[in-house]
Amino acid sequence: QVQLVESGGGSVQAGGSLRLSCAASGGTFNMYAMGWFRQAPGKEREFVAAISRSGGSTAYGDTVKGRFTISRDNAKNTVYLQMNSLKPEDTAVYYCAARNTGVVPTREYDYWGQGTQVTVSS
């Protein structure tokens, strides 16, 4: 059983930056592809980014390409999401997820964190 704990959310003005972290425990971290998703009030959950076990491959949702960067530190059992040029429409609860797979999945994750709120004001 993998436990995931997100941190780093908060409030920022449009154009600003935040870095989210997700600490994993209870599993062999480098066996899991990791992903970030978000959900805004009244909207469906949206894929944001994913990274392979080794960190060598990544994938991004169309709305964040060029602004967000996912990375991981397998020695620290942590995945990060660097968010730059934030927009009000990025406001959402951001969730970290893990899936035991060798691909870079955009859905069907097995384990989820509790989420961290990101609020971007105009």
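Placed above this text is the structure.
Summarised in this report is the structure supplied together with it. None of these values were measured; they are calculated from a predicted model. (Residues numbered from 1 in each chain as written. Predicted model: local features only at pLDDT ≥ 70, side-chain atom pairs only at ≥ 80, totals over all residues. Heavy atoms only, no water.)

1. Digging into the side chain of Asp90
Part 1 of the reasoning: Positionally, Asp90 belongs in the loop between strand S8 (78-83) and strand S9 (92-99).
Part 2 of the reasoning: A relative accessible area of 1% places Asp90 in the buried class.
Part 3 of the reasoning: Only 2.7 Å separates the side chain of Asp90 from the side chain of Arg67, close enough to count as a polar contact.
Part 4 of the reasoning: Beyond its immediate sequence surroundings of up to four residues, Asp90 is in contact with Arg38, Arg67, Phe68, Ser85, Val118 and Val120. (Helix = DSSP H or I, 4+ residues; strand = E, 2+ residues; numbered from the N terminus. Buried < 20%, exposed > 50% of the residue type's maximum accessible area, 1.4 Å probe, protein only. Polar contact = N/O pair within 3.5 Å; in protein donor to acceptor, adjacent residues only side chain to side chain. Contact = heavy atoms within 4.5 Å.)

2. Observations regarding the pattern of salt bridges
Part 1 of the reasoning: All chains considered together, the criterion is met by four salt bridges.
Part 2 of the reasoning: A salt bridge links Arg38 to Glu46; the nearest nitrogen and oxygen atoms lie 2.8 Å apart.
Part 3 of the reasoning: For Arg38, the salt bridge is made with Asp90, and the minimal N-O distance between the two is 2.8 Å. Here Asp90 lies in the loop between S8 and S9 and Arg38 lies in strand S4 (residues 33-39), a separation of 52 residues in the sequence. Each member of the pair, Arg38 as well as Asp90, carries the same accessibility label: buried. (Salt bridge = Lys/Arg side-chain N within 4 Å of Asp/Glu carboxyl O.)

3. Some points on the nonpolar core
As a rule of thumb, soluble globular proteins bury nonpolar side chains together.
Part 1 of the reasoning: In this structure, Met34, Trp36, Val79, Leu81, Met83 and Tyr94 are the most contacted members of the largest nonpolar core, which totals 28 residues.
Part 2 of the reasoning: Elements represented by at least two residues in this core include exactly strand S3 (18-25), S4, strand S5 (46-51), strand S7 (68-73), S8, S9 and strand S11 (116-121).
Part 3 of the reasoning: Not counting chain neighbours up to four residues away, the residues in contact with Val79 comprise Leu20, Ser21, Cys22, Phe29, Met34, Trp36, Ile51, Ile70, Ser71, Arg72 and Cys96.
Part 4 of the reasoning: Judged by nonpolar contacts, the second largest core, of six residues, contains Phe37, Phe47, Ala50 and Ala97. (Core = buried A, V, L, I, M, F, W, Y, C linked by side-chain atoms within 4.5 Å.)

4. A few points about unusual backbone geometry
Part 1 of the reasoning: Residue Asn77 is not a glycine yet carries a positive backbone phi of 55°.
Part 2 of the reasoning: Looking at the element boundaries, Asn77 is found in the loop between S7 and S8.
Part 3 of the reasoning: Given a relative accessible area of 27%, Asn77 falls into the partly exposed group.
Part 4 of the reasoning: Positive phi, close to 60°, is recorded for Glu108, a residue that is not glycine.
Part 5 of the reasoning: Positionally, Glu108 belongs in the loop between S9 and strand S10 (111-112).

5. A few points about the state of the cysteines
Part 1 of the reasoning: Scanning the model with the defined rule gives one disulfide in all.
Part 2 of the reasoning: One disulfide in the model links Cys22 with Cys96; its S-S distance is 2.1 Å. Sign of the S-S torsion, about -80° for the bond between Cys22 and Cys96, identifies this disulfide as left-handed. Here the residue Cys22 occupies a position in strand S3, and Cys96 occupies one in strand S9, the gap between them amounting to 74 residues. (Disulfide = S-S within 2.5 Å.)

6. Quick look at the sheet that holds S7
Part 1 of the reasoning: The four strands are arranged S1-S3-S8-S7 in an open sheet whose pairing can be described as antiparallel. Lying at the two open borders of the sheet, with one neighbouring strand each, are strand S1 (3-7) and S7. Sheet twist, expressed as the mean angle between neighbouring strand axes with direction ignored, is 15°. (Pairing = 2+ DSSP bridges. Axes fitted to C-alpha atoms, helices over the stretch in contact; angles between N-to-C directions.)

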